[in-house]
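Residues per chain are reported as follows:
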Amino acid sequence: MTGSVFDIAHMLAGGLVLVSMMMLYQDRLYALLNVFALHSLVLTLSVAWQAFIQDAPHLFVTAAIALIFKAIIIPVVLHRMIRQLGIHREIETVVGIGPTMLAGLGLVALATVVMLRVTPSADPIAREDLAFALSVLLLGLLIMVTRRNAVSQVVGFMSLENGLVLAATGAKGMPLVVEISVAFSILIAFIVIGVFLFRIRERFDTVDVRALDDFKGRRRK
């Protein structure tokens, strides 16, 4: 394996982690959706590069799915949904941006140390991709935990799934039927989430998940 092949794969997977950190920094919904589209575009490039170096044409299908659904369709639909629902476009966070970014850096360091220690004999590219994939997954979870807005939590969930795709492709790919089933599962989940958001907005006049907690508190009384 040539050094340039490794460097490009490393750069693309590392770029996905960098864009995940950019998502943590965003405090407006439109900006978050734009960064998520960039996140999915970087994933597309990473998967396409893995398809090339592994000589695995079926991974190009995965790259196409990521490009069409995640980089284009889902961000566009969410943009329209925000406008139609009149959702408050500033993202409320559980803690400040500074502590969140520090927590994100800690999670990236933890994921790198853990993954490199448990895969000492794995292929170098697979080791790096798995470490980066775990970082992306943990950062997606952090986005979901630290954001109060339901739309931003949806974006965190989808970025988490991007990390799973990176891990699967870096570990010498996954069967095509699995990729197609995952794509349809994402599409169905996205439709359900859209209906869920409309219902929350209709019932509580907001998509802040704290409204659900307040409602449950009133019901208990």
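Procedures and definitions
Residues numbered from 1 in each chain as written. Predicted model: local features only at pLDDT ≥ 70, side-chain atom pairs only at ≥ 80, totals over all residues. Heavy atoms only, no water. Helix = DSSP H or I, 4+ residues; strand = E, 2+ residues; numbered from the N terminus. Buried < 20%, exposed > 50% of the residue type's maximum accessible area, 1.4 Å probe, protein only. Contact = heavy atoms within 4.5 Å. UniProt positions renumbered as here; feature names shortened; annotations may be inferred. Axes fitted to C-alpha atoms, helices over the stretch in contact; angles between N-to-C directions. Parallel < 35°, antiparallel > 145°, perpendicular 65-115°, else oblique. Left-handed = near helix turned anticlockwise from the far one by under 90°. Nonpolar A, V, L, I, M, F, W, Y, C, P; charged D, E, K, R; others polar. Patch = residues over 30% accessible without salt bridge, like charges linked within 9 Å, V, L, I, M, F, W, Y side chains within 5 Å. Areas by Shrake-Rupley, 256 points an atom, 1.4 Å probe, with all protein chains shown as cover. Salt bridge = Lys/Arg side-chain N within 4 Å of Asp/Glu carboxyl O. Expected span 1.5 Å × (residues − 1). Arc of directions from axis to C-beta.

(A) Structural detail: the overall build of the chain. Secondary structure assignment for the chain yields eight helices and zero strands. Ordering the α and β elements of the chain from the N terminus gives α-α-α-α-α-α-α-α. In the chain, which comprises 221 residues, the proportion classed as buried is 45%. In the chain, once contacts between residues fewer than 6 apart in sequence are set aside, the share between residues at least 24 apart is 76%.

(B) Representation of the UniProt feature "transmembrane region" (unreviewed entry) in the chain in the model. Here the UniProt feature "transmembrane region" (unreviewed entry) sits at residues 6–25, 32–53, 59–82, 94–118, 130–147, 154–174 and 180–200. In residues 6–25, the share of helix is 100% and the share of strand is 0%. The end C-alpha atoms are 29 Å apart. The annotated region residues 59–82 carries 100% helix and 0% strand content, and the separation between its end C-alpha atoms amounts to 33 Å.

(C) Focus on the side chain of Ser-46. Position of Ser-46 among the secondary structure elements: in helix α2 (residues 29–54). The contact partners of Ser-46, leaving out residues within four places of it in the chain, are Leu-12, Ala-13 and Leu-166.

(D) Looking closely at the packing of helix α1 (residues 3–25) against helix α4 (residues 97–118). Taken N-terminus to C-terminus, the directions of α1 and α4 make an angle of 160 degrees; their axes are 9 Å apart at the nearest point. Classified by the angle their axes make, α1 and α4 are roughly antiparallel. Relative to α4, the crossing made by α1 is right-handed. Contacts between α1 and α4 pair Val-17, Met-21, Leu-24 and Tyr-25 from the former with Ile-97, Thr-100, Met-101, Gly-104, Leu-105 and Val-108 from the latter. Residues belonging to the contact of α1 with α4 are distributed by class as follows: eight nonpolar, two polar and no charged.

(E) Broad picture of a nonpolar patch on the surface. On the surface, Leu-18, Met-22, Leu-38, Leu-41, Leu-45, Leu-67, Ile-68, Ile-72, Ile-73, Val-76 and Val-77 cluster together to form a nonpolar patch covering roughly 860 Å² of accessible area. Listed by contribution, the elements that provide at least two residues to the nonpolar patch are α1, α2 and α3 (58–85). By residue number, the principal contributor to the nonpolar patch is α3, which donates six residues. Looking at where Leu-67 falls in the secondary structure, it is placed in helix α3.

(F) The pattern of salt bridges, seen in detail. Tallied over the full model, the rule gives one salt bridge. The salt bridge involving Lys-70 is made with Glu-161; its shortest N-O contact spans 1.9 Å. With Lys-70 in helix α3 and Glu-161 in helix α6 (residues 150–170), this residue pair connects regions lying 91 residues apart in the sequence.

(G) Quick look at the packing of helix α5 (residues 124–146) against α6. Between α5 and α6, the least distance of the axes is 8 Å, while the angle of their chain directions is 170 degrees. The angle between α5 and α6 places the two elements in the roughly antiparallel class. Between α5 and α6, the residues in contact are Ala-126, Asp-129, Leu-130, Phe-132, Ala-133, Val-136, Leu-137, Gly-140, Leu-141, Ile-143 and Met-144 and Ser-152, Gln-153, Gly-156, Phe-157, Ser-159, Leu-160, Gly-163, Leu-164, Leu-166, Ala-167 and Gly-170, respectively. Considering only residue class, the contact of α5 with α6 consists of 14 nonpolar, seven polar and one charged.

(H) Highlighting α4. Taking 1.5 Å of rise per residue, 22 residues should cover 32 Å, and α4 covers 32 Å from first to last C-alpha, within 8% of that figure. Along α4, the residues that are buried comprise Thr-100, Gly-104, Val-108, Ala-111 and Met-115. Here the buried residues of α4 occupy an arc of 85 degrees about the axis, which is enough to place them on one side. Facing away from the buried side of α4, by more than 90 degrees, are the exposed residues Leu-102, Leu-105 and Arg-117.

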